[in-house]
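Each chain, letter by letter, is given below.
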Amino acid sequence: MDCRILAATVALLCGSAIPPARTEAITLRYGAAPSEIKSIFALPILVAEREGFFAREGLNFTLLPIADAGGEKMIAALEESAVDVGHIATAFLIQAVLKGSDAVAIAAEFNNPIYSLVARRDITSFADLKGKLLGFAAETGTITISIRKLLALHGLHSGDFRTKEIEGTPTRYNCLIQGECDAVPLGQPQDFFALRRGYRLLGLSLEAVPDFLYTVTIARRSWAEAHKEALVRYVRGLAAAFKFIRDPAKRSDVVRTIADTTGASEDSARQTLALYFEPERGVLPKAGEIDLKGLAQVIAFMGEAGTIKSPLPAPERFVDLQYLQAVGVK
């Protein structure tokens, strides 16, 4: 072989034609409540993990259930370094930051959740809820704020009904079917389960709250600054998951993930995705982008409810967009 050809061949093999060495794995511990891990709200994370998007980014992604993790427990787990990042509803993040936490949202997971207010079979209207027991989520959380606004639209206000705090859609579903609650807000697919059993759909949270930023991934600012590469890889994997979920060609794979995660039938899983995307209702981000307008709406509702005091903070206080921007997500 001509020496010049041999030299060129060696140079090519030693250069860009050879794939780069595999990126060194980075461990990332993600915390979420057990009830959330088994719910539709874990879908972006579970798809990213199941389809290998986190692994492709060189992440050793570990999903850690945080027992009894309401928003306060998740903040505590983060501050105690029990987890690196976590899943939380924005109302809890806002409260924590206003109390001095350095937690910050780095990506959105769910925008406009669709909660169905489902009641006993004999309750046929909002008026029938007067004096009844409603199973709510945490009083300061976005679910309860949304449902209270829905009730107010139909003439029901505090004092017109009784409430019981019940965390997690599966637990509220059980309260309803066991006859302990007269009505509860349910996410998917439990609302479909209840309706098939003859329970009554009174209304949807979207009627009262059309624009919202519901759940986000959070990290401590100080930890995030020291672990930028881990968060950039995480955000890139999460963005890939949203693209996958939205791809009609991947619908069957997403349906199986929902069914495996929530225990729903594949039919219920398809109904859930149809509810989100047919037509497009803005339930899921397109790539993990944080909607500051939706976050401002959460802040405004918390102000209306007296959960936080005026002057209301700007939404920018609670987010750090640099990790999304690093992967081209705006």
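Predicted model, so just to flag it, every value in this text is computed and none were measured.

Side note on the nonpolar core
Inside soluble globular proteins, nonpolar side chains tend to come together where they are buried.
For step 1, the next point in the chain: Residues L93, L117, L129, L151 and Y234 are the most contacted members of the largest nonpolar core, which totals 102 residues.
For step 2, the next point in the chain: Considering every element that reaches this core, the biggest residue donor is helix α11 (residues 228-246), with 12 residues.
For step 3, the next point in the chain: When sequence neighbours within four positions are dropped, the list of residues in contact with L117 reads F126, L129, I147, L150, L151, A183, V184, P185, R200, L201, L202 and G203.
For step 4, the next point in the chain: Grouped together as the second largest cluster of nonpolar side chains are 12 residues, C175, L176, V184 and A264 included.

Focus on the side chain of R251
For step 1, the next point in the chain: Relative to the helices and strands, R251 resides in helix α12 (residues 251-262).
For step 2, the next point in the chain: In terms of polar contacts, R251 uses its side chain to reach the side chain of E278, at 3.5 Å.
For step 3, the next point in the chain: In contact with R251, other than residues within four places in its own chain, are R270, L273, F277 and E278.

Examining empty space enclosed by the protein
For step 1, the next point in the chain: Evaluation of the coordinates by the stated rule reveals 4 cavities of 30 Å³ or more.
For step 2, the next point in the chain: Quantified by volume, the second largest cavity comes out at close to 70 Å³.
For step 3, the next point in the chain: Along the walls of the second largest cavity sit S35, E36, S39, F41, Y115, I143, E167, G168, T169, P170, R172 and Y214, which together make up its complete lining.
For step 4, the next point in the chain: Of all the secondary-structure elements, those providing two or more residues to the lining of the second largest cavity are α2 (34-37) and α8 (169-177).
For step 5, the next point in the chain: At 3 residues, α8 tops the list of elements feeding residues into the lining of the second largest cavity.
For step 6, the next point in the chain: Split into classes, the residues belonging to the lining of the second largest cavity amount to 5 nonpolar, 4 polar and 3 charged.

Quick look at helix α5 (residues 71-79)
For step 1, the next point in the chain: Among the residues of α5, G71, M74, I75, A77 and L78 are the ones counted as buried. Down the axis of α5, the smallest arc covering the buried residues is 160 degrees, so these residues share one side.
For step 2, the next point in the chain: In this structure, the buried side of α5 is in contact with β1 (26-32), β3 (85-89), α6 (90-98), β4 (103-110) and β10 (215-220).
For step 3, the next point in the chain: Where α5 ends, the next residue or the one after it, S81, has phi of about 60 degrees, a positive value.

Some thoughts on the pairing of strand β5 (residues 116-119)
For step 1, the next point in the chain: Of the two faces of β5, the one carrying S116 and V118 and the one carrying L117 and A119 are both buried.
For step 2, the next point in the chain: Across 4 bridges, β5 lies against strand β9 (residues 200-204) in antiparallel orientation. Residue pairing across strands places V118 opposite L201, the latter belonging to β9.

Digging into the environment of Y115
For step 1, the next point in the chain: Here Y115 shows up in the loop between β4 and β5.
For step 2, the next point in the chain: Here Y115 falls in the buried class, since its relative accessible area comes to 3%.
For step 3, the next point in the chain: Between the alpha carbons of Y115 and D128 there is a distance of 19 Å; along the sequence they are 13 residues apart.
For step 4, the next point in the chain: Residues within four places of Y115 in sequence aside, it is in contact with F41, I143, I147, T169, R172, P185, L186, G187, G203, L204, S205 and Y214.
For step 5, the next point in the chain: Within the local environment of Y115, its side chain forms a polar contact with the side chain of Y214, the two groups lying 3.1 Å apart.

Topic: helix α7 (residues 142-153)
For step 1, the next point in the chain: Given a rise of 1.5 Å per residue, 12 residues ought to cover 16 Å, and the 17 Å separating the end C-alpha atoms of α7 matches this to within 8%.
For step 2, the next point in the chain: Every buried residue belonging to α7 is among T142, I143, T144, I145, S146, I147, L150 and L151, and all of these are buried.
For step 3, the next point in the chain: Immediately beyond the C-terminal end of α7, within one or two residues, lies G155, with a positive phi of roughly 85 degrees.

A short note on the pattern of salt bridges
For step 1, the next point in the chain: For the structure shown, the criterion picks out 15 salt bridges.
For step 2, the next point in the chain: One salt bridge connects D84 with R29, and the closest N-O pair in it is separated by 2.8 Å. Residue D84 is located in the loop between α5 and β3, and its partner R29 is located in strand β1; the two are separated by 55 residues in the primary sequence.
For step 3, the next point in the chain: Classification of D84 as buried rests on a relative accessible area of 7%.
For step 4, the next point in the chain: We classify R29 as partly exposed; its relative accessible area is 26%.
For step 5, the next point in the chain: Between D102 and R220 there is a salt bridge, with the nearest N and O atoms lying 3.3 Å from each other. Within this pair, whereas D102 is found in the loop between α6 and β4, its partner R220 is found in strand β10, the two being separated by 118 residues in sequence.
For step 6, the next point in the chain: Given a relative accessible area of 24%, D102 falls into the partly exposed group.
For step 7, the next point in the chain: By relative accessible area, which is 24% here, R220 ends up partly exposed.

What about the confidence of the model for the protein?
For step 1, the next point in the chain: Model confidence for the protein is summarised by a mean pLDDT of 90, while 92% of its residues fall at 70 or above.
For step 2, the next point in the chain: Considering only residues more than four positions removed or in separate chains, one finds that residues 1-22, a stretch of pLDDT under 50, has 4 contacts.

Brief notes about the sheet that holds β3
For step 1, the next point in the chain: Read across the open sheet, the 5 strands follow the order β2-β1-β3-β10-β4; overall the sheet is mixed. Every other strand in the sheet has two partners, leaving β2 (59-65) and β4 as the edge strands with one partner each. Neighbour to neighbour, the strand axes of the sheet diverge by 30 degrees on average, direction disregarded.
For step 2, the next point in the chain: Of the pairings in the sheet, the one linking β3 to β10 comprises 5 bridges and is antiparallel in character. When the sheet's bridge partners are listed, H87 is paired in β10 with T217.

Definitions and limits used
Residues numbered from 1 in each chain as written. Predicted model: local features only at pLDDT ≥ 70, side-chain atom pairs only at ≥ 80, totals over all residues. Heavy atoms only, no water. Core = buried A, V, L, I, M, F, W, Y, C linked by side-chain atoms within 4.5 Å. Buried < 20%, exposed > 50% of the residue type's maximum accessible area, 1.4 Å probe, protein only. Helix = DSSP H or I, 4+ residues; strand = E, 2+ residues; numbered from the N terminus. Contact = heavy atoms within 4.5 Å. Polar contact = N/O pair within 3.5 Å; in protein donor to acceptor, adjacent residues only side chain to side chain. 1 Å grid on protein atoms, 1.4 Å probe; cavity = no way out; pocket = protein on both sides within 12 Å on 5 of 7 lines; lining within 4 Å. Points joined across faces, edges and corners; volume = space filled by probe spheres on them. Nonpolar A, V, L, I, M, F, W, Y, C, P; charged D, E, K, R; others polar. Arc of directions from axis to C-beta. Pairing = 2+ DSSP bridges. Expected span 1.5 Å × (residues − 1). Salt bridge = Lys/Arg side-chain N within 4 Å of Asp/Glu carboxyl O. pLDDT = per-residue confidence, 0-100. Axes fitted to C-alpha atoms, helices over the stretch in contact; angles between N-to-C directions.

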